[in-house]
Amino acid sequence: MHGSELIVGPQHPALKEPASFRVHVDGEKILSLDLDISYNHRGIEKGMEQRTFEKNIYLVERICGICSHSHTTNFCKGIEEIMNLTIPRRAQYIRVIMAELERIHSHLLWLGVEGHGMGFDTLFMYTWRDRETVLDLMETISGGRISHAMNRLGGVRRDVDDATAKKVLQELKFLEGRADYYINLVKTEKTLAKRMKGVGILSKKMALELAAVGPTARGSGVKRDIRKDDPYAAYGEIPFKMITSDSCDVYGRNYVRVYELKESLDMVRYALENLPKGDLYAPIPDTVKAAEVVSRYEAPRGELFYYIRTNANNMIERAHVRTPTFANWLSVVEAMKGMHIADIPIIIAAIDPCMSCTSRTTIVDANDRKLGALSWEELEAYSIKWYKGRGIGWEK
Amino acid sequence: MNWLIEAFYIFFFPGFLFAIAYGFFMEWFDRKLYAKMQDRLGPPFLQPLADFIKLLSKEDIVPKAASKALFNYVPVLSLAFLLTAFLYIPIFSNSSPLGFNGDMILVLYLKTLPSILLFVGGWHSGNAFSSIGAYRELSMVFVYEVAFFAVILSPVLITGSWAFSDLAAYQQSNPWFFILQPIGFVVALMCLQAKLGRVPFDMPEAEAEIVGGPFTEYSGKKLALFRLCTNMTMVVGSALIAVVFLGGPSLLFDTSSLGWPAMHLLGFAAFLIKTLFVIFILSVVRSAFARIRIDQMVFFGWKWLGLLALLQIAATIILKMVGVF
Amino acid sequence: MALGVIVKELFESLAKKPATIKYPFEKVPVAERFRGRIHFDSKKCIGCSKCSIVCPAKAIEMVPDEKHTEVDFAGRKMARQRIPRCDLLVCIRCELCAEACPTKAIELTNKFSGCSGKREMFVTVE
C-alpha cells in the first residue's frame with residue numbers, strides 16, 4: 001500500500017486557529033493522521049499562580065472566547081467549594097441562564113462553521129445572523145457580547161431584572177422558531193445528509209475508550225453529560241433531556257447539537273420564568289485554607305475540567321485546565337481513518353475545536369529520554385534541529 | 001473598409017471588450033444575488049473591477065517547484081480560448097457576424113479547453129493541494145462534458161445543423177427548446193454549474209478542503225486572469241444555454257417588422273435578460289446546496305446527468321421518427 | 001419537500017432588507033449595560049488608586065496630578081495628588097474599577113470603536 005503525505009495547517013482556510021495535521025493519504029482516502037496541536041501556548045496555568053482569586057476569574061475568562069462563561073463558572077465553583085460557600089439560588093439560576101445562552105450561541109456558531117466546511121455558506125450566514133440575536137441578549141444581561149464578566153466568587157455580579165427578563169423571553173420566541181428551522185434543515189437537506197451520514201465514524205466503544213466528551217460522545221450514544229451526572233448550579237432543579245444519538249457519525253454530533261439548541265432554549269425560558277428572589281452573591285471569607293479541588297462543568301463542547309490547589313497565602317499553588325477540545329482530539333484521529341480528503345474539515349469541525357484552549361507543553365524527548373520544561377535557548381536549538389531533521393534548511 | 005468593421009466586431013462589440021465588461025457585470029450580479037439570498041448587503045457595483053485591478057497590482061509569485069512555461073501560459077491561453085468562443089455566439093441577431101456552419105462545435109470545443117488547461121496548470125504548480133484539485137477537475141470534466149455535449153446534441157438532431165443561426169431561426173418559428181426539451185435544459189444548467197466549479201460541484205477548488213485547488217499557487221496577474229476566465233466561462237456558458245434552449249435573441253412576438261435597429265436592440269435585450277436568468281438559477285443552486293464529494297459527484301453525474309441526457313436524446317429521436325418535429 | 005426548506009428562506013431573504021449594515025456609516029445599537037471605553041469623571045475622582053489595585057489587567061496606572069485639583073470627599077476638601085490613567089489597549093472592560101470606585105467617578109461608556117495610528121491610547125481624567 002503506497003501513500004503520500006498531505007500537510008494540513010498550521011495555516012489552512014478550514015482551520016480558524018493554528019494546528020497541524022499530517023494526513024497520510026492514498027488518492028482521496030485517508031490512511032492515518034498525525035496531530036500537532038501546540039502552536040498557541042499562552043502560559044495561563046502558570047499565570048493563574050501569580051494572581052489573586054478575583055483577578056483569576058478574568059484570566060480564565062480569556063482561555064476561550066466562545067465558552068468564557070463556562071471557564072469562569074467552573075473556576076468560581078471550585079474556589080467556592082474550597083471556601084465552603086452556599087450560593088444564593090438566584091445567582092445559581094442566573095449562572096444557568098448565561099450558560100445556556102452561551103451554549104445556544106456556541107452551537108449556532110458551530111453549525112455555521114460546519115456548513116462552511118462543507119461549502120454550504122448560506123447555512124453559515126444564516127446561523128451567524130441568528131447568533132447575533134443571542135449575543136445581543138447576552139449583551140443586554142451582562143454588558144458584554146463575548147466576555148460577559150458575569151461571575152464573582154460567591155455569586156454573580158449583575159442582576160436579571162424584570163424588564164430584561166421580559167425582553168429575553170420575547171427574543172426567545174424568535175430563536176425557538178429558528179431552532180426548529182435548523183432541526184428541519186438538518187433532517188431534510190439532501191446534500192447535508194450526503195456529507196454527514198456515515199462520515200467520521202466513532203463507535204460507542206471507541207468513544208468510551210478514547211474518553212470523548214460532550215456532543216462528540218453523545219453523538220456516539222454515550223450518555224455523558226455533567227449537568228445530569230454531577231448537577232451543579234441550578235441544573236438539579238431545571239428539567240431537561242439529555243440528547244444522544246446512536247448514529248455514531250458526524251450526523252449524530254450534528255443531531256445532538258441542533259436538538260440541544262431546543263433544550264437550552266427551554267431551559268433559559270424555565271429559569272427566567274422561575275427566577276427565585278434573593279441575594280445575588282454570598283459574602284466571601286477573607287482567608288482560604290490550603291486545599292485542592294476538582295471542578296467539572298458541561299461546556300458547550302463537553303466536559304470542562306479544573307484542578308485547583310490553593311495554599312495558605314490565599315493564592316493558587318497549581319491549577320490545571322483540561323478543555324473539552326483537548327479530550328476530543330484522539331477521537332478525531334480515530335474518526336478520520338478510511339475517510340476522504342474532502343471529509344477532513346467536516347470531521348475536524350465536528351468536535352468544534354478550539355485550538356488555543358488546547359495547547360499544552362510537556363517536553364518528552366524520545367531519543368534523550370528527558371521529560372520536563374525547556375529554557376528559551378534550548379527551545380530555539382530544538383526547533384532548528386527539528387526543522388533540519390525534516391530537510392528544511394536554515395541559511396542566514 | 002470591411003476589415004475595419006471586422007476588427008470592430010472582434011475587439012469591441014460583440015467582441016472582447018463587451019465580453020469582458022459583461023463578465024464583470026455578471027460576476028457582480030451573481031455575487032449580489034448570492035449575498036442577498038444570504039441576507040447580506042453584497043458588493044457594490046464596481047467591486048469585481050476593483051478586485052481585478054487589485055489582483056493585477058499584487059506580487060506575482062512563481063513557485064520554485066512549478067514548471068515555469070506551463071504555469072505561466074495556462075491563464076493567458078484559457079482566456080484566449082474563452083474570448084474566441086464568445087465571438088461565435090449570436091447575441092443580437094440570429095447569427096453572429098463571424099458565424100459559419102459548424103460554429104457550435106467550435107464553441108463547445110473552445111469551452112472545454114480551459115478545464116483541461118486548468119488541470120495542466122494545477123498539475124504543474126508543484127503543490128499537493130493543486131495536484132489534488134487538478135485531478136478532481138479532470139475527473140469532473142469527464143462527467144459533465146459528456147452529459148453537456150449529449151444534451152446540446154438533441155436540439156441539433158431536430159434542426160439538423162451545427163450552426164447557431166439555424167438553431168435560433170428554428171426557435172423563432174417554434175417553441176423554445178427548454179419547453180420542447182425540459183430535461184435537456186435542466187441537465188445543461190447542472191453541467192454549467194459543474195463547469196463553473198460552483199457549489200455543489202466546487203470540489204476542484206473547495207477552499208475549506210484543498211485551499212483553492214489548482215489556484216493555490218497562482219497569485220497576482222495570473223490569478224486575476226483566472227478570475228476573468230471564470231467570468232468569461234459564465235458569459236459563454238450562459239449565452240450558449242440562452243441560444244440553445246431559450247431561443248437566443250428571439251422574443252415571444254415577431255420583431256422583424258420593426259426594422260433592423262429596433263429588431264437588433266430587442267434581440268440584444270432578450271439576450272441580456274435570458275443570460276441573467278440563467279445566472280439567477282445558477283445563483284439559487286449555489287446558495288441552496290452543500291458541496292458534495294468528488295466520488296458522489298462522479299456517481300451523481302453518471303447516474304443522473306448522463307442517464308437523463310441519453311434519455312433526452314432517445315426521446316428526441318423517437319419523437320422525430322414519429323413525426324412530431 | 002426537502003429542498004423547499006432552504007429555497008423558501010432564500011427567496012424570503014431576497015425580498016427583505018439585508019441583516020447586515022454599512023458599518024462606518026451606520027452603527028449597531030448597543031445595550032444599556034454595554035461596557036465600552038472607560039471614562040473618568042474629573043470632578044469626582046479623588047485619586048485613591050483603588051481602581052488601579054483591582055484592575056486584573058493592570059491597565060490603570062496612577063500618575064501625578066500636575067494641577068493638584070481640589071476635590072470634595074465626604075465633606076472634606078483636599079488637593080488631589082494622583083490621577084488614574086488607563087491604557088485602552090490593555091483594558092479588558094471588566095468594570096471592576098467602576099465597582100470599586102468609592103465616588104462613582106468611573107463609568108464604562110457605550111463607545112466601542114476607537115482607531116488610532118498610535119501605539120498608545122490612554123484615557124485619563126477629563
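Residues numbered from 1 in each chain as written. Chains lettered and ligands numbered in written order. Predicted model: local features only at pLDDT ≥ 70, side-chain atom pairs only at ≥ 80, totals over all residues. Heavy atoms only, no water.

## Observations concerning the overall build of chain A
Logical step 1: Secondary structure assignment for chain A yields 15 helices and ten strands.
Logical step 2: A compact globule built from 396 residues should have a C-alpha radius of gyration of about 21 Å, and chain A, at 22 Å, falls within 12% of that.
Logical step 3: Taken along the three principal axes of its C-alpha coordinates, chain A extends 65 × 55 × 40 Å.
Logical step 4: When contacts within chain A are restricted to residue pairs at least 6 apart in sequence, long-range pairs at least 24 apart make up 68% of them.
Logical step 5: For chain A, the accessible area works out to roughly 16000 Å², and carbon and sulfur atoms hold 53% of it.
Logical step 6: Counting 55 positive and 53 negative side-chain charges, chain A places the centres of these two groups 1 Å from one another. (Helix = DSSP H or I, 4+ residues; strand = E, 2+ residues; numbered from the N terminus. Rg over C-alpha atoms; globule rule 2.2 N^0.38 Å. Contact = heavy atoms within 4.5 Å. Areas by Shrake-Rupley, 256 points an atom, 1.4 Å probe, with all protein chains shown as cover. Lys, Arg positive; Asp, Glu negative; His and termini not counted. Charge placed at Lys NZ, Arg CZ, Asp CG, Glu CD.)

## What about the overall build of chain C?
Logical step 1: Each helix and strand in chain C was counted, giving three helices and seven strands.
Logical step 2: Scanning chain C from its N terminus toward the C terminus, one meets helices and strands in the order α-β-α-β-β-β-β-α-β-β.
Logical step 3: For chain C, the C-alpha radius of gyration of 22 Å lies well beyond 14 Å, the compact-globule estimate for 126 residues.
Logical step 4: Along the three orthogonal principal directions, the C-alpha set of chain C runs to about 75 × 35 × 25 Å.

## Points about the packing of helix H6 (residues 128–159) of chain B against helix H13 (residues 294–322) of chain B
All names here are of chain B.
Logical step 1: Contact pair H6 / H13: the axes reach a minimum separation of 9 Å and the direction vectors enclose 10°. What the angle tells us is that H6 and H13 run roughly parallel.
Logical step 2: Among the residues forming the contact of H6 with H13, the class breakdown is 18 nonpolar, five polar and two charged. (Axes fitted to C-alpha atoms, helices over the stretch in contact; angles between N-to-C directions. Parallel < 35°, antiparallel > 145°, perpendicular 65-115°, else oblique. Nonpolar A, V, L, I, M, F, W, Y, C, P; charged D, E, K, R; others polar.)

## A word on the domain arrangement of chain A
Size of an interface: often given as the accessible area lost when the parts come together.
Logical step 1: Parsing chain A into structural domains produces domain 1 (52–351) and domain 2 (368–396).
Logical step 2: Summarising the inter-unit geometry, the C-alpha centres of domain 1 of chain A and domain 2 of chain A are found 38 Å apart. (Domains from an automatic or database assignment.)

## Thoughts on the pairing of strand S3 (residues 70–73) of chain C
Logical step 1: Two strands pair when backbone bridges link them, and S3 of chain C and strand S4 (residues 76–79) of chain C are joined in this way by four bridges, in the antiparallel orientation. Note that in S4 of chain C the partner of Phe-73 of chain C across the bridge is Arg-76 of chain C. (Pairing = 2+ DSSP bridges.)

## Quick notes on the interface of chain A and chain B
Logical step 1: Each partner contributes to the interface: chain A provides 28 residues, whereas chain B provides 26 residues.
Logical step 2: Buried surface at the junction of chain A and chain B, summed over both partners, amounts to about 2400 Å²; 56% is from carbon and sulfur atoms.
Logical step 3: Summed over the three residues of chain A that lose the most area to chain B, namely Glu-28, Thr-191 and Arg-195 of chain A, the buried surface amounts to 19% of that side.
Logical step 4: Among the ionic pairs, Arg-129 of chain A bridges to Asp-39 of chain B, the shortest N-O distance being 2.3 Å.
Logical step 5: Viewed at the interface, chain B and chain A are joined by twelve residue pairs in polar contact (both at pLDDT 80 or more).
Logical step 6: Elements with a minimum of two residues in the side of chain A that touches chain B: strand S1 (4–8), helix H4 (89–117), helix H5 (121–142) and helix H7 (190–196) of chain A.
Logical step 7: It is H5 of chain A that contributes the most residues to the side of chain A that touches chain B, five residues altogether.
Logical step 8: Its residues placed into classes, the side of chain A that touches chain B shows 13 nonpolar, eight polar and seven charged. (Buried area = accessible area lost by both parts, 1.4 Å probe. Salt bridge = Lys/Arg side-chain N within 4 Å of Asp/Glu carboxyl O. Polar contact = N/O pair within 3.5 Å; in protein donor to acceptor, adjacent residues only side chain to side chain.)

## With respect to the environment of Ile-89 of chain B
Residues and elements named next belong to chain B.
Logical step 1: Mapped onto the secondary structure, Ile-89 falls in the loop between helix H4 (68–87) and helix H5 (103–123).
Logical step 2: Expressed as a C-alpha distance, the spacing of Ile-89 and Ala-239, which sit 150 residues apart in the sequence, is 7.1 Å.
Logical step 3: Contacts of Ile-89, omitting those with residues within four sequence positions, involve Ser-96, Val-107, Phe-164, Val-236, Ala-239, Leu-240 and Val-243.

## Overview of the pattern of salt bridges
Logical step 1: Summed over all chains, the structure comprises 49 salt bridges over all chains.
Logical step 2: Here Glu-99 of chain C ties to Arg-157 of chain A by a salt bridge, and the two come within 2.9 Å at their closest N and O atoms. You can see Glu-99 of chain C sitting in helix H3 (residues 96–100) and its partner Arg-157 of chain A sitting in the loop between strand S5 (155–156) and helix H6 (162–188), one on each of two chains.
Logical step 3: Among the charged side chains, a network of salt bridges with common partners joins Glu-100, Arg-103, Arg-218, Asp-225, Arg-227, Glu-260 and Glu-298 of chain A.

## Remarks on the interface of chain B and chain C
Logical step 1: Each partner contributes to the interface: chain B provides eleven residues, whereas chain C provides 14 residues.
Logical step 2: Summed over the three residues of chain B that lose the most area to chain C, namely Met-37, Asp-39 and Leu-41 of chain B, the buried surface amounts to 51% of that side.
Logical step 3: Across the chain B-chain C interface, the total number found is one salt bridge.
Logical step 4: A salt bridge links Lys-16 of chain C to Asp-39 of chain B; the nearest nitrogen and oxygen atoms lie 3.7 Å apart.
Logical step 5: Mapped onto the side of chain B that touches chain C, the elements with two or more residues apiece are helix H2 (16–37) and helix H12 (260–288) of chain B.
Logical step 6: In terms of residue count, the dominant contributor to the side of chain B that touches chain C is H12 of chain B (four residues).
Logical step 7: Looking at the side of chain B that touches chain C, its residues break down into seven nonpolar, one polar and three charged.

## Considering the sheet that holds strand S7 (residues 302–310) of chain A
The strands making up a sheet are joined through hydrogen bonds of the backbone, oriented either antiparallel or parallel.
Residue and element names in this part refer to chain A.
Logical step 1: Read from one edge to the other, the open sheet built from three strands follows the order S6-S7-S8, with strand pairing classed as antiparallel. The strands lining the two open edges of the sheet, one partner per strand, are strand S6 (292–299) and strand S8 (316–322). Looking at each pair of strands side by side, their axes are set apart by 15° on average, direction ignored.
Logical step 2: When S7 meets S8, the two strands line up antiparallel, connected through six bridges. Paired with Tyr-306 across the two strands is Val-321, which belongs to S8.
Logical step 3: Against the sheet, helix H3 (residues 68–83) makes contact with S6, S7 and S8, and its axis sits at roughly 150° relative to S6, the strand it touches most.

## A few points about the confidence of the model for chain C
Logical step 1: The share of residues in chain C with pLDDT of 70 or more is 98%, and the mean pLDDT across the chain is 83.
Logical step 2: This prediction of the complex comes with two scores: 0.86 for pTM and 0.85 for ipTM. (pLDDT = per-residue confidence, 0-100.)

## Thoughts on the packing of aromatic side chains
Logical step 1: Within this structure, the stated rule accounts for 27 aromatic pairs over all chains.
Logical step 2: Considering the side-chain rings of Phe-71 of chain B and Tyr-218 of chain B, the 4.2 Å spacing of their centres and the 5° angle between planes classify their relative orientation as stacked. Of this pair, Phe-71 of chain B sits in helix H4 while Tyr-218 of chain B sits in the loop between helix H10 (207–210) and helix H11 (220–245), placing them 147 residues apart in sequence.
Logical step 3: For Phe-71 of chain B, a relative accessible area of 0% gives the class buried.
Logical step 4: Above the face of the Trp-128 of chain A ring, Arg-131 of chain A is positioned so that its terminal group lies 4.9 Å from the ring centre.
Logical step 5: The cationic tip of Lys-197 of chain A hangs over the ring face of Tyr-251 of chain A; the distance from NZ or CZ to the ring centre is 4.6 Å. (Phe/Tyr/Trp six-rings, centres within 6.5 Å; stacked < 30°, edge-to-face > 60°. Buried < 20%, exposed > 50% of the residue type's maximum accessible area, 1.4 Å probe, protein only. Lys NZ or Arg CZ within 6 Å of the ring centre and 35° of its normal.)

## Remarks on the packing of H6 of chain B against helix H7 (residues 164–173) of chain B
Residue and element names in this part refer to chain B.
Logical step 1: Between H6 and H7, whose axes approach to 10 Å, the crossing angle comes to 75°. One element, H6, and the other, H7, form an angle in the roughly perpendicular class. When H6 is examined against H7, the residues Pro-155, Ile-158 and Thr-159 are found in contact with a partner set consisting of Asp-166, Leu-167 and Tyr-170.
Logical step 2: Classifying every residue of the contact of H6 with H7 by side-chain character gives four nonpolar, one polar and one charged.

## A short note on the state of the cysteines
Logical step 1: Tallying each qualifying case throughout the model produces zero disulfides over all chains.
Logical step 2: Cys-94 of chain C carries a free sulfur, and the closest cysteine sulfur to it, the one in Cys-55 of chain C, is 6.1 Å from it. (Disulfide = S-S within 2.5 Å.)

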